[in-house]
Amino acid sequence: MNEGEGHGMQPSGVWALKPLADMSAAEFHDWRALLEDRTGLVIGDQRRAFLQTNLSARMRELGVDDYGSYYRQVTDGPRGAVEWSTLLDRLTVQETRFFRHPPSFEVLDVYLRERTAQVEQRPWALWSVGCSSGEEPYSLAIAAAEALRDTPWPEHFGVTGTDISLNALSKARDASYGPRRLQQLDEVLAERYFRRQDDGRFKVVPNLAARVCCARLNVLELAKAPMSGMDVIFCQNLLIYFRRWRRREILNRLAERLAPGGLLVVGVGEVSGWHHPDLQPVADERVLAFTRKG
Ligand SMILES: C[S@@+](CC[C@H](N)C(=O)[O-])C[C@H]1O[C@@H](n2cnc3c(N)ncnc32)[C@H](O)[C@@H]1O
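Read on for a plain summary of the structure. These numbers were taken from a predicted model, which means no experiment stands behind them.

1. Brief notes about the overall build of the protein
From N to C terminus, the protein includes 11 helices and 12 strands. For the protein, the C-alpha atoms occupy an extent of roughly 65 × 50 × 35 Å along the three principal directions. When each of the 294 residues of the protein is scored for burial, the buried share is 48%. Within the protein, contacts between residues at least 6 apart in sequence are counted, and of these 69% link residues at least 24 apart.

Here you go:
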């Protein structure tokens, strides 16, 4: 099927082939602005086809055949908000995996193991910003559980995963993964922290799942977030889709949420030349990470 073609839902409920016109320059401008304004995500000219394909796929499902009507639909008050939430899942990249970028997790492991004595007084608070379907927050939980395994406080930690996508969050809360996903994990860890279900999928063990909580949070609205005094913040593979000034602004907000001595891990190459007066870079070229002074 060509990109411009599609199925239009007829009033009778019969599917018929109906071409969907190319987006005009004005429509592209409006959709792009809406997405960036609401999520921070930037659709460059080279991703116009991506936007058009995903919008038109959803429009076909709804039987809407022009971009202007659909735009009015998603911007139409509370009803629009429901549709917006569905559309968002089509327009965001939710690719993820367990222990993504292993050097970041090596740095985390060293960091946590040096601080195990502190959890007696205050459990660790870890945060995965843009947690997608949960692989990152469960990886953080596994790292913390491993670091505390032989201490008297094996459960003195909590992980929060936040994301803008309700669909991703529901997968994260479900905590069930196909066997291929688990191949990304060390065998011992997979055995220790997952149980095989009757359907062949693997579920995070209840003790670990109970330490992870997932909530909706648009990273543009960090001012509304209750998190503070975080020991660890992971923000990988999210800022890359944002404008440079916005990346810095978000990192400044995240830095404020760190506890003294806390660790902030960002995806390598996702920001350059960013400094914060309260943070110092971690001296490891393989990662982009900072600790808060004090
Ligand atoms: C590519 S995934 C990265 C997942 C994980 N952090 C990793 O590194 O594997 C990016 C995630 O960011 C989420 N996202 C996009 N825009 C967002 C926003 N404005 N606020 C919060 N999450 C957002 C997407 O829904 C998606 O789940």
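2. Overview of the packing of helix α2 (residues 48–62) against helix α3 (residues 67–74)
Here α2 crosses α3 at 80°, and the two axes come no closer than 11 Å. In terms of orientation, α2 lies roughly perpendicular with respect to α3. On α3, the residues that touch Gln52, Leu55, Ser56, Arg58, Met59 and Leu62 of α2 are Tyr67, Tyr70 and Gln73. Here the residues of the contact of α2 with α3 are counted per class, giving five nonpolar, three polar and one charged.

3. Some thoughts on the layout of surface pockets
By volume, the largest pocket is sized at about 450 Å³. In terms of lining residues, the largest pocket is bounded by 29 residues, among which Val93, Gly130, Asp163, Asn237 and Leu238 are the most central. Class assignment for the residues of the lining of the largest pocket results in 14 nonpolar, 10 polar and five charged.

4. As for the site of the ligand
Around the ligand sit 21 residues in total, of which Thr39, Thr96, Gly130, Asp163 and Asn237 are the nearest. Between the ligand and Gly130, the relevant distance is 2.8 Å, taken from a nitrogen atom to a main-chain nitrogen or oxygen of the residue. Between Gln236 and the ligand, the recorded distance is 2.9 Å, taken from a backbone N or O atom to a nitrogen atom. Notes on the ligand: free accessible area 610 Å², of which the protein chains cover 99%. Given that more than half its atoms are within 2 Å of the pocket grid, the ligand belongs to the largest pocket.

5. Section: the pairing of strand β9 (residues 230–235)
The buried fraction of β9 amounts to six of the six residues, a majority that puts the element mostly inside the structure. Bridge analysis of strand β3 (residues 124–129) against β9 gives three bridges, and the strand direction is parallel. Bridging across to β9, Ser128 finds its partner in Phe234. Regarding topology, helix α11 (residues 244–256) serves as the crossover connection from β9 to the parallel strand β10 (residues 258–266), and that connection is right-handed.

The rules behind the values
- Residues numbered from 1 in each chain as written.
- Predicted model: local features only at pLDDT ≥ 70, side-chain atom pairs only at ≥ 80, totals over all residues.
- Heavy atoms only, no water.
- Helix = DSSP H or I, 4+ residues; strand = E, 2+ residues; numbered from the N terminus.
- Buried < 20%, exposed > 50% of the residue type's maximum accessible area, 1.4 Å probe, protein only.
- Contact = heavy atoms within 4.5 Å.
- Axes fitted to C-alpha atoms, helices over the stretch in contact; angles between N-to-C directions.
- Parallel < 35°, antiparallel > 145°, perpendicular 65-115°, else oblique.
- Nonpolar A, V, L, I, M, F, W, Y, C, P; charged D, E, K, R; others polar.
- 1 Å grid on protein atoms, 1.4 Å probe; cavity = no way out; pocket = protein on both sides within 12 Å on 5 of 7 lines; lining within 4 Å.
- Points joined across faces, edges and corners; volume = space filled by probe spheres on them.
- Near = heavy atom within 4 Å.
- Polar contact = N/O pair within 3.5 Å; in protein donor to acceptor, adjacent residues only side chain to side chain.
- Areas by Shrake-Rupley, 256 points an atom, 1.4 Å probe, with all protein chains shown as cover.
- Sits in = over half its atoms within 2 Å of the grid points.
- Pairing = 2+ DSSP bridges.
- Right-handed = clockwise from strand over helix to strand, strands pointing away.

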